[in-house]
Amino acid sequence: MKKNISKIFISFSILALFCTGCASTQKSDSISGDEYGTAEQTQESDELDTDFSSTDEKGTKANKKGKKKNALESFFTFGNKDDFISNDVTAVFTRTVTGSIKQKKASIMINPEKQTAGFGSTYMSAYYIVQLDAESRAKLAKAVELYLNDFENKKLDRKDRKSYKKYGQFNIHLDWGTISSSTPNFGDGTAYFGYEFEKGSPYFSITCYPMHNKYWDIVNEATSEQSLQLKYFFTKALAQELVDFISEEKISSFFEDYVSDTIFTPAELDDYE
């Protein structure tokens, strides 16, 4: 009897591993880094002075118009489904605990109330939503343009230890939590556009140092006092795709719909003589 139970357990374990493997293959296809330079050049050191310890497929509209929550609802509600519109799906590379980079699925996230847009993806053990206002989105578009130009003209320097901030600084807003649908932690800070080399291939990068968690001011020790150090990497195609996904032309309609829904129009009174 015990032998039969052991055989059944082993059979289910093998089946579970097989199913897990099948599920992993259904995620976005693996994306290779961009080729740059000769084989000899790729053997040079890719280390940068960033002070970090460790740290394409399109989808359809998932949510409709955002619903504004009052202050009381916001305090007691961890869910964010009424805050964001998830419009498209892309991919990013993130830094792992071991220091390497790994491709992750990313959702384009739009916040109509705050007029911001960006992307959300898992980062280590948490889910982070990166949001840029209109000024920062314009800086992103310009930074990617400069990066692509430097790439094509072979101006990227492997030995530049400050390349991670080459294309300037910008304002950034973060929301984060344990899962994508619950991100109560939030903060505002500055980040950098630049590039870095990983295993011989250059990547456009977004670098964000830890920022204060404003939600911690409310609940104190029930959460972390600051965010992680974040580092996102993009191939040329992914960088341009992000710019296109959150361009004013692409997201302005979501902002306009939200504004039109929140404007109060007094009803006309009935005439009665």
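Quick caveat: nothing in here was measured; it's all calculated off a predicted structure. (Residues numbered from 1 in each chain as written. Predicted model: local features only at pLDDT ≥ 70, side-chain atom pairs only at ≥ 80, totals over all residues. Heavy atoms only, no water.)

Regarding the overall build of the chain
Next up, step 1: If you tally the helices and strands in the chain, you get 6 helices and 8 strands.
Next up, step 2: Walking the chain from its N terminus toward its C terminus, one meets helices and strands in the order α-α-β-β-β-β-α-β-β-β-α-β-α-α.
Next up, step 3: Classification of the 273 residues of the chain by burial places 41% in the buried group. (Helix = DSSP H or I, 4+ residues; strand = E, 2+ residues; numbered from the N terminus. Buried < 20%, exposed > 50% of the residue type's maximum accessible area, 1.4 Å probe, protein only.)

What to know about the sheet that holds strand β7 (residues 201-208)
Next up, step 1: Strand order in the closed barrel made by the 8 strands is β1-β2-β3-β4-β5-β6-β7-β8, with antiparallel pairing throughout. Sheet twist, expressed as the average angle between the axes of neighbouring strands with direction ignored, equals 40 degrees.
Next up, step 2: Pairing analysis gives 5 bridges linking strand β4 (residues 126-132) to strand β5 (residues 169-177), with the strands arranged antiparallel. Its bridge partner being in β5, Ile-129 is matched across the sheet by Asp-175.
Next up, step 3: Contacts from helix α3 (residues 134-152) reach β3 (116-123), β4, β5, β6 (185-198) and β7, with the element oriented near 160 degrees to β7.
Next up, step 4: Strands β1 (85-95), β2 (101-111), β3, β7 and β8 (230-234) of the sheet are contacted by helix α5 (residues 236-245), whose axis makes an angle of about 150 degrees with β1. (Pairing = 2+ DSSP bridges. Axes fitted to C-alpha atoms, helices over the stretch in contact; angles between N-to-C directions. Contact = heavy atoms within 4.5 Å.)

Comments concerning the pairing of β7
Next up, step 1: With 8 of 8 residues buried, β7 is to be regarded as a mostly interior element.
Next up, step 2: Burial along β7 is two-sided: Ser-201, Tyr-203, Ser-205 and Thr-207 facing one way and Pro-202, Phe-204, Ile-206 and Cys-208 facing the other are all buried.
Next up, step 3: Inspection of the sheet shows β6 paired to β7 by 8 bridges, in the antiparallel sense. Residue pairing for β7: Glu-196 is matched across the bridge by Tyr-203.
Next up, step 4: In this antiparallel pair of consecutive strands, β6 and β7, the connection spans 2 residues, and Lys-199 shows a positive phi of 55 degrees.
Next up, step 5: In the sheet, β7 pairs with β8 via 5 bridges, with the strands oriented antiparallel. Pairing of Cys-208 across the sheet is with Leu-230, part of β8.

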